[in-house]
Structure formats: structure tokens, C-alpha cells
Amino acid sequence: MSDRIVTRFAPSPTGFLHIGGARTALFNWLYARRTGGTMLLRIEDTDRERSTEPAIEAILDGLRWLGLDWDGDVVFQYARAARHREAAESLLASGRAYRCFATPQELEEMRDTARREGRAPRYDGRWRDRDPAEAPAGVKPVIRLRARQEGETAVEDGVQGRVTWQNKDLDDLVLLRSDGNPTYMLAVVVDDHDMAITDVIRGDDHLTNAARQTQIYDAFGWSAPRFAHIPLIHGPDGAKLSKRHGALGIEAYRDLGYLPAALRNYLVRLGWSHGDQEIFSDEEMVAAFDLGSVGRSAARFDFAKLENLNGHYMRAASDEELVDRIEGLLPVLGPSRGLGTTFPAVVRARLLVAMPGLKERAKTLVDLLDSAYYLWAPGPLALDAKAASLVDDAARDRLAALRPRLDAVAWEPAAIEAAVRGFADEVGAKLGQVAQPLRASLTGRATSPGLFDVMVVLGRDESLARIDAQAGRPVIAASQPVA
RNA sequence: GCGCCCAUCGUCUAGCGGUCCAGGACGUCGCCCUUUCACGGCGAAAACACGGGUUCGAUUCCCGUUGGGCGCGCCA
């Protein structure tokens, strides 16, 4: 195989880019990049009723967000309808296709009776050898493939291996609709051929189509591309992915706070493996990817593992990138949290400083944003239930007693820590008895990043003001709302 | 109904006839670290769907059963 690899991702714009489509795109991309080949993008919009402009945008945006780039211009299938028609006509001329005058109602009845009698609901070939002169008036015909009825059709699949069908089990599919528009079957074959696609990598719901398409390639006298049908992704319950579980558009994963790199890593390991390796940089997955190691059974989508991976990639990401990413999410997350669509400079600066401690504890960007609440919370700080229970009378007394010491200490982690530890020793308290009320006063939560780092990020004035607010003393320095 | 595909811990998977009383990861549960929560470290429980073959020997090969999935449109 010394020819240059050309793959394609060919979604139909009838909805957003779902997770299965994203993985198909990823596999095509990896396979092309691996071999130094190209990946083309074709929008299969021949269904004029259901194809929409917003869906096209959503798919393109989704691919860009995921970091999957394609080569050349996007091909719109419907724009090639004339070429498809011409191809169908050529088959008519060569006798490999024929006109069928059966009406939709007629076909429906045909399928109904077949089902009722326990036969496969297929077209019975009633116009295959009938004289078109007998055509009923007023019926616009479709063009059907004159498929071979004897023998078998085999597909050598890169993932599934050799799969064969008896031709008698395949019927004469429609190539051109009565309105003159091509069907999916015709359009894919003609386009893949014209675009010189060498490898068709798609979901295994298309496996049977590969057989029918092979018949069409034969009719044209063209050689078929290599096929690779990858298993589908199922929901956590093993059933087909539906809106109920993971069948969210790729943008939903973005809004849930997942990183593109984490999603790529999660997706590539769903159905594919490389020994015991779990973490793959883009370079590593491109270098290691191969179709032969793709499994043949469907995989269930597992959010827990995605979260774990996301945590890994967040910890590895730079503080700047993380701040930028959560800011990018503000338009969707901000409003419900009393935040605008961008971070005020003060908040941004605090976030940057606090990020090392924050990112260690978050699984998603949403967690990250929420865990940073104390950085911009307006005073007086509201404590959540757990935090409030930490601040009892004894705690209040300790906070009040500790307060003057903090006022005097140099405002850097080690010095603050020494002061707090020294204070705990003196009053005979465990560090936790001082630290937890302190944490609650400063962050409003029972958990947070390292206490002394939090205090430094907040600054002396703000820290003392928050302590005073809980210790029951007059508020000396005003708590400054920053958002 | 017909055709095709699939079947290892709860989940993703390694395994391509003996190295497997089955390995890794996520999750779960302990312990350690520790001002909290995470992170990190250590450890534990947890699987070859079932039945027949083939073979000196099957998780690995074949057949069947069961279970699951996909397809059977003038949708893609």
C-alpha cells in the first residue's frame, strides 16, 4: 500500500455532532495523520428536508473545538447532485440500473405483507424486467440498481475482517429518487470515488451498506475503497446511546467543562488500545494508532473515566490556559453564578495565583470555577452548611484570639503558617481546630486549597475582614466585592 | 421475521494454544501522607456468558445455545 491515504468524515447535517460522530472523525483523522495522508470533510446534505445550516455550523465548530482539522474545502454533497444524476443515467445506459414505477404506497404494502408472511421486507423487483412501456401514467419513476441476484458480495473490512452476504438477501436499492435527487447510497459511492477516497472509516451501522455500495462500485466498474467499520458507542446501560445518556452534542461536553485533549484521549481508548497505555499525547496517538487494534464490540460510555482523564489533563494544563478556558465558559456558566461574561482584572489576577492549588482539586472546568467562588464572593461571605457548622462559639473565640497575631505577621505562607501553628500550640488546640474555622471563614466552604495559600491570594485586608465577620468583631477593613 | 456483527472484572481493555489460580486503567473499599478536600503512595475485592467439540493442553480454534447490537426507506 504505497498509495497516499485519503480518508473522509462525512456527517449529515441533521443535528449536532454527537459523540459517536466525533470518535469517527477522530479515527479518520488519526489514520490520515498517521500515514501522512489527508482527511477530507464532506457534508451529506442530500436530504433537503432535514439538513440545516445551524447543524452544519455545529458540526464544524465541534470539530474545531475538538482539534480535528481537515484538508481542503468542505464538500457539500447536494452541490454535486448533477454529477450524481449523470452517474445514475450512465448506469441506466449500461443496463446496470432500471426505472421503477412502483409508488410509495405500493412499496409500503409490499413490505407490510412481506413482514406479515415472515419474509424479509425487501423490494420484490417487480419493475426489474418489466417493459417501461407498461408504466402507469402520472408516476414519476425512481432509478434502481440492477443488483446481482446470484453469488455473494464480500467486504474485506479493516476492523471486521471478511464479511460476506448472499446477493439474494440484498435487493435493488434506489439510486435516484423520483424527484431526480440522488439517494445516500448513490451519492456516497460517486463522491468517494470522485474524491479519490482510499479508506472509508465509519460506524458499523454502515456495515450492510458497505455490501450494497460494493455492488454499486461493481456496476460502475470502479474499484471500491478499503472499508473499516468501527463499533458504535453505547450508553451506560448497554443500549444505544440516546438523549438520555451520552448522546449529547460535542458542545455539551465543552459546556460540561471537559478539555478537548481529555475527550480525544477518552475517545481514542474507547474501542482501541495500545497495550496497557492509557494516556496519549496527540503525537503518541497519531504514532500508535492502527485499525487492526480496534476492537469489534461496542463500548459503553463512562463519564467517571472521562472525568478522571479530564482531571489529569487539567493538572497538566498551564494556569493561563485554564483561566482562559473557564473564562470562555462564562457566557454559559456566568449568569447563574452572578458573574459576567468575562473576569474583572482583580478576579483574573487572583485566579491565576490560586490556580495551582485549585486545579489539583477539580475534575472539570465547572468544578474549577465553583471551587474558586471565594475569590470573588461579595462580602459578607456566605458560608455553606458544612462550613457554618465548623464555626461554633469555641471556634469564634479562637478566631478572635488569633486575629491580632495575623495582623502582625509577614504576609507570606510560611510566616502565616508558623503563626497559626504557634497559636494552636499555645492554646492547646489541634491545628485542625484552628484551621477549619479559619477555612470556613475565608472560603465559606469546608474544603479548599491550602489555607495559607488561600490567605496570601486573598491578601491581608480581605482575609482579616472575613475572619472578623465570623469572629463577631466589628468589621475593620471592608470586604470588597469584586464581581 | 431475515441478514450481519459482537461476547474477559461494574466500566474501558491486555491476552492473538501452554508464560493466566488471567495483566493494566477507571470506579469501589481499606491503609499511608495530611489543617480540609484533592493529588500522590501502598493494598484489597472484582471477569474468561453457557454447552459441546478439536487438541497432550483451551480465555485463546470450530459448532451450537443464550444474551446484546446493527441493518432490512424515494433517511443518512
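Sequence order as written defines the numbering, with residues in each chain counted from 1. Think of it this way: whatever chain is written first is A, whatever ligand is written first is 1, and the rest follow in order. Totals for whole chains, interfaces and linings use all residues, but because this is a predicted model, local features are given only for residues with pLDDT of at least 70 and pairs of side-chain atoms are given and counted only at 80 or more. Side-chain figures throughout are based on the complete set of non-hydrogen atoms in the structure, without hydrogens or water.

Novice: For this particular structure, what's the right way to read the side chain of Asn 209?
Specialist: Secondary structure is summarised from DSSP: a helix means a run of H or I of at least four residues, a strand means a run of E of at least two, and numbering begins at the N terminus for each. Here Asn 209 lies in helix α6 (residues 207-220). Residue burial is assigned from relative accessible area. The probe radius is 1.4 Å, only protein chains are included, and a residue is buried under 20% of its type maximum, exposed over 50%, and partly exposed in between. Under the relative-accessibility criterion, Asn 209 is labelled buried at 15%. For this analysis, residues touch if any pair of their heavy atoms sits within 4.5 Å. Residues within four places of Asn 209 in sequence aside, it is in contact with Tyr 184 and Met 185.

Novice: Looking at this model, I keep getting lost on the nonpolar core. Mind explaining?
Specialist: A general trend in soluble globular proteins is that nonpolar side chains are found buried together. Side-chain atoms within 4.5 Å are what join buried Ala, Val, Leu, Ile, Met, Phe, Trp, Tyr and Cys residues into a set we call a nonpolar core. Formed by 102 residues in total, the largest nonpolar core has its most connected members in Leu 351 and Leu 375. When residues of this core are assigned to their parent elements, the largest contribution, nine residues, is made by helix α1 (residues 19-34). With sequence-adjacent residues up to four places away left out, Leu 351 is seen in contact with Val 323, Ile 326, Phe 343, Leu 358, Ala 372 and Leu 375. Listed in part, the 33 residues of the second largest apolar core include Leu 92, Leu 170, Leu 175 and Ala 219.

Novice: I would appreciate a short explanation of helix α19 (residues 451-458) in the present structure.
Specialist: Residue pairs three or four apart in sequence face the same way in an α-helix, which turns once every 3.6 residues. Most of α19 is tucked away: six of the eight residues are buried. By the burial criterion, the buried members of α19 are Leu 451, Phe 452, Val 454, Met 455, Val 457 and Leu 458. Directly after α19, the chain includes Gly 459, whose backbone phi takes a positive value near 90 degrees.

Novice: For this particular structure, what's the right way to read the pattern of salt bridges?
Specialist: Side chains that differ in sign of charge can pair as their charged atoms come close. For this document, the term salt bridge refers to a Lys or Arg side-chain nitrogen within 4 Å of an Asp or Glu carboxyl oxygen. All told, the structure shown has 39 salt bridges when counted by the stated rule. Asp 384 is the salt-bridge partner of Arg 445, the closest N and O atoms lying 3.4 Å from each other. Of this pair, Arg 445 sits in the loop between α18 (431-443) and α19 while Asp 384 sits in the loop between α14 (373-376) and α15 (385-390), and the two are 61 residues apart along the sequence. Owing to a relative accessible area of 29%, Arg 445 belongs among the partly exposed residues under this scheme.

Novice: Explanation requested: the pairing of strand β1 (residues 6-9) in the structure shown.
Specialist: Successive side chains on a regular strand alternate, one facing one side of the sheet and the next facing the other. With burial as the criterion, each face of β1 is covered, one bearing Val 6 and Arg 8 and the other bearing Thr 7 and Phe 9. Two strands qualify as a pair provided DSSP detects at least 2 bridges between them. In this structure, β1 lies alongside strand β2 (residues 38-43), joined through four bridges in parallel fashion. By the bridge assignment, Arg 8 is partnered in β2 with Leu 40. Whether a crossover is right-handed comes down to one check: with the strands pointing away from the viewer, does the path from the first strand over the helix to the second run clockwise; if it does, it is right-handed. With α1 bridging β1 and the parallel β2, this β-α-β connection has right-handed handedness.

Novice: Got a minute to help me understand unusual backbone geometry in this structure?
Specialist: Glycine aside, residues mostly have negative phi angles, and peptide bonds mostly take the trans form. We note that Ala 196 has phi near 60 degrees; this positive angle belongs to a residue other than glycine. On the secondary structure map, Ala 196 appears in the loop between α5 (184-194) and β9 (199-203). Classification of Ala 196 as partly exposed rests on a relative accessible area of 45%.

Novice: Got a minute to help me understand the environment of Ala 147 in this structure?
Specialist: Topologically, Ala 147 is positioned in the loop between β5 (142-145) and β6 (152-157). The class for Ala 147 is buried, based on a relative accessible area of 3%. Put simply, Ala 147 and Leu 173 are 26 residues apart on the chain and 8.1 Å apart in space, counted from C-alpha to C-alpha.

Novice: What is the right way to look at the packing of aromatic side chains in this model?
Specialist: Aromatic ring pairs are described here by two measures, namely the spacing of the ring centres and the angle between the planes. The criterion for an aromatic pair is that two Phe, Tyr or Trp rings (for Trp, the six-membered ring) have centres within 6.5 Å, with stacked assigned to planes under 30 degrees apart, edge-to-face to planes over 60 apart and tilted to the rest. By the definition in use, this model includes 12 aromatic pairs. Each ring, one from Phe 220 and one from Trp 222, has its centre 4.1 Å from the other, and the planes form 10 degrees; the classification is stacked. For Phe 220, a relative accessible area of 14% corresponds to the buried category. For Trp 222, a relative accessible area of 18% puts it in the buried group. One aromatic cluster is present, formed by Tyr 253, Tyr 258, Tyr 266, Phe 301 and Phe 303 through successive ring pairs. Over a ring means this: the NZ of a Lys or the CZ of an Arg is within 6 Å of the ring centre and within 35 degrees of the ring normal. Seen from the ring of Trp 127, Arg 130 lies directly overhead, with NZ or CZ sitting 4.0 Å from the centre.

Novice: Looking at this structure, I do not really get the side chain of His 84. What am I missing?
Specialist: If you trace the backbone, His 84 turns up in helix α3 (residues 81-93). Once residues lying within four places of it in the same chain are set aside, the contact partners of His 84 are Gln 77, Pro 182, Leu 186, Ala 187, Val 190 and Asp 191.

Novice: Sorry if this is basic, but what is going on with the layout of surface pockets here?
Specialist: Of the volumes computed, that of the largest pocket is approximately 1,200 Å³. Lining the largest pocket are 41 residues, and of these Ser 12, His 18, Gly 21, Asp 205 and His 206 lie nearest its centre. When contributions to the lining of the largest pocket are tallied by element, the ones reaching two or more residues are β1, α1, α5, β9 and β11 (233-234). Here the lining of the largest pocket takes five residues from α1, the largest share from any one element. Cavity: a set of points on a 1 Å grid over the protein atoms alone where a 1.4 Å probe fits but cannot get out. Pocket: an open set with protein on both sides within 12 Å along at least five of seven lines, its lining residues, like those of a cavity, having an atom within 4 Å of a point. Grid points are joined across faces, edges and corners, and a volume is the space filled by probe spheres set on the points.

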